Amino acid sequence: MPLNIIERLGMLKTLGRPTIWDYIPLLFTDFTELHGDRYFGDDPAMVGGIGLFNGEPVTVVSQVRAKDIQGLTKINFSMPHPEGYRKVLRLIQQAEKFRRPVICFIDTPGAFCGVGAEERGQGEAIARSLYDFMMLKTPVLSLVLGEGGSGGALAIGVCDELAMLENALYSVISPKGCASILWKDGSREKEAAELLRITSEDLRSFGICDHIVAEPDGGAANNVEFTASGISAWISSALARLAAENYDSLPEKRYQKFRKMGIVRE
């Protein structure tokens, strides 16, 4: 049974939820991490590399979470810098060259907005990521593991199919940020979360989320193997569907997919 919105917010603030490093060994074999953006440096808040999924090569990119304060500090509390997004761009361009599918895992409160990140072009890096993912001529899958917040999450969310774990949240702004802007009161975070409609069930009903991956009772931390098996089943079925596509036509189909999102009232 999925948790309610308040329980989900609380869960995402704990350090016990599985991270990408829990899922990689259960989903991929022979995973090799690749580092650096070839401009500035490497960003530990964003991991990327090549592995085998059911014996077939794929490119894997993900935001990184941690389970203790030392790990959180190392990964800048899961908020990528521009070099993280530029590392991803380097890897997906390589994937397109070799026609490898790209599998993205979203798990961040948002991109880092510090002075250094802005000086190095955070906005441009995210915009370029959105553009390049849209134009990529190879299959792209994205899955929200826990928290998908703001442009930092959307940057790797342009895909052919999007899935979410049952208790995950995905939004253009964090509930706390929304409350701070609307009511100048961050303590109204829970109220904002209810209004934003950011659960997997909400987004599935809006046509944004294509598939919900079930979690065990109490959340993914209670049985990571169960959750990973659901992720694996979705990846297998999604890749089988996309294998029949003409890869050159994927950018246009992605464009049409995103054009259909949203409701306009005049």
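Bear in mind that the values here come from a model prediction, so they are computed numbers and not experimental data. (Residues numbered from 1 in each chain as written. Predicted model: local features only at pLDDT ≥ 70, side-chain atom pairs only at ≥ 80, totals over all residues. Heavy atoms only, no water.)

**Some words on the packing of helix H2 (residues 20-27) against helix H11 (residues 224-243)**
Spelled out, the test is: Every axis corresponds to a line fitted to the C-alpha atoms, with the helix fit spanning only the stretch in contact, and the corresponding angles, defined between N-to-C directions, vary from 0 to 180 degrees. The numbering of helices and of strands both runs from the N terminus, where a helix is a DSSP run of H or I of at least 4 residues and a strand a run of E of at least 2. In this scheme, a crossing is called left-handed if the near helix is turned counterclockwise away from the far one by less than a right angle; it is called right-handed if the turn is clockwise. Every residue pair with non-hydrogen atoms within 4.5 Å of one another is taken to be in contact. Three classes are used: nonpolar for Ala, Val, Leu, Ile, Met, Phe, Trp, Tyr, Cys and Pro, charged for Asp, Glu, Lys and Arg, and polar for all others, with Gly counted as polar.
H11 packs onto H2 with a crossing angle of 60 degrees between their chain directions and a minimal axis gap of 10 Å. Here H2 and H11 pass one another in a crossing that is right-handed. Along its contact with H2, which presents Asp-22, Tyr-23, Leu-26 and Leu-27, the element H11 presents Val-224, Glu-225, Thr-227, Ala-228, Ile-231 and Ser-232. Each residue belonging to the contact of H2 with H11 can be placed in one class, and the counts come to six nonpolar, two polar and two charged.

**Brief notes about helix H12 (residues 250-259)**
As a reminder of what qualifies: In this scheme, a residue with accessible area under 20% of its type's maximum is buried, one over 50% is exposed, and one in between is partly exposed, where area comes from a 1.4 Å probe on protein chains only. The arc refers to the directions leading from the helix axis to the C-beta atoms.
Within H12 the residues assigned to the buried category are Leu-250, Pro-251, Arg-254 and Lys-257. The arc that holds the buried residues of H12, viewed along the axis, is 120 degrees, so those residues lie on one side.

**Examining the pattern of salt bridges**
For clarity, the threshold we go by: Think of a salt bridge as a Lys or Arg side-chain nitrogen and an Asp or Glu carboxyl oxygen that are within 4 Å of each other.
For the structure shown, the criterion picks out 16 salt bridges. Two residues, Asp-202 and Arg-197, come together in a salt bridge whose shortest N-O distance is 3.1 Å. The exposure class of Arg-197 is partly exposed, given its relative accessible area of 37%. Among the charged side chains, a network of salt bridges with common partners joins Arg-65, Asp-107 and Glu-147.

**Topic: unusual backbone geometry**
Within the chain, Arg-38 stands out as a residue other than glycine whose phi angle is a positive 65 degrees. You can see Arg-38 is positioned in the loop between strand S1 (29-33) and strand S2 (46-53). Judged by relative accessible area, which is 61%, Arg-38 ranks as exposed.

**Considerations on the environment of Ser-205**
One can find Ser-205 in helix H10 (residues 200-206). Residue Ser-205 is classed as exposed on the basis of its relative accessible area, which comes to 54%. Ser-205 sits 56 residues away from Met-261 along the chain, and the two C-alpha atoms are 11 Å apart.

**Here's the deal with the pairing of strand S3 (residues 56-63)**
Side-chain positions along a regular strand alternate between the two faces of the sheet. As a reminder of what qualifies: In this analysis, strands are considered paired if DSSP registers two or more bridges between them.
When you tally the buried positions in S3, you get six out of eight residues, the bulk of the element. In terms of strand pairing, S2 meets S3 through eight bridges, oriented antiparallel. If you follow Gly-48 over to S3, its bridge partner there is Val-61. Hairpin remark: S2 followed by S3, antiparallel, with two residues in the connecting loop; positive phi at Asn-54, about 50 degrees.

**Some details on the layout of surface pockets**
Sizing a probe to match a water molecule and rolling it over the atoms shows the empty space that remains. Worth spelling out the cut-off: Each cavity reported here is a set of points on a 1 Å grid over the protein atoms alone in which a 1.4 Å probe fits but cannot get out, each pocket an open set with protein on both sides within 12 Å along at least five of seven lines, and each lining residue one with an atom within 4 Å of a point. Grid points are joined across faces, edges and corners, and a volume is the space filled by probe spheres set on the points.
In this structure, the largest pocket spans a volume of roughly 670 Å³. Taken together, 35 residues line the largest pocket, and the ones lying closest to its centre are Leu-12, Arg-65, Pro-109, Gly-110 and Glu-147. Counting residues per element, the ones that place at least two in the lining of the largest pocket are helix H1 (5-12), strand S5 (140-149), helix H7 (150-154), strand S7 (169-171) and helix H8 (175-182). Class assignment for the residues of the lining of the largest pocket results in 15 nonpolar, 13 polar and seven charged. Quantified by volume, the second largest pocket comes out at close to 360 Å³. If you go around the second largest pocket, you meet 18 residues; those closest to its centre are Leu-154, Tyr-170, Val-172, Leu-203 and Ile-208.

**Re the packing of aromatic side chains**
Going by this rule: Here is the rule: rings of Phe, Tyr and Trp (six-membered ring for Trp) pair when centre to centre is within 6.5 Å. Planes less than 30 degrees apart are stacked, more than 60 are edge-to-face, and the remainder are tilted. The rule is short: NZ of Lys or CZ of Arg within 6 Å of the ring centre and within 35 degrees of the ring normal puts a charge over the ring.
Using the criterion set out here, one finds three aromatic pairs in the structure. Note on Phe-28 and Phe-105: the rings are 6.3 Å apart at their centroids and 80 degrees apart in plane angle, and the pair reads as edge-to-face. In this pair, Phe-28 sits in the loop between H2 and S1 while Phe-105 sits in strand S4 (residues 102-108), placing the two residues 77 residues apart along the sequence. Residues Phe-28 and Phe-105 agree in their burial class; the two are buried. Aromatic ring contacts, followed pair by pair, group Phe-28, Phe-53 and Phe-105 into a single cluster. In this arrangement the basic side chain of Arg-120 is found over the ring face of Phe-40, its NZ or CZ atom lying 4.2 Å from the centre. A cation over an aromatic ring shows up here: Arg-188 above the ring of Trp-183, its NZ or CZ 4.0 Å from the ring centre.

**A look at the environment of Arg-128**
Along the chain, Arg-128 turns up in helix H6 (residues 122-135). Assessed through its relative accessible area of 39%, Arg-128 is described here as partly exposed. Put simply, Arg-128 and Leu-196 are 68 residues apart on the chain and 27 Å apart in space, counted from C-alpha to C-alpha.

So yeah, pure geometry; function would need other evidence.
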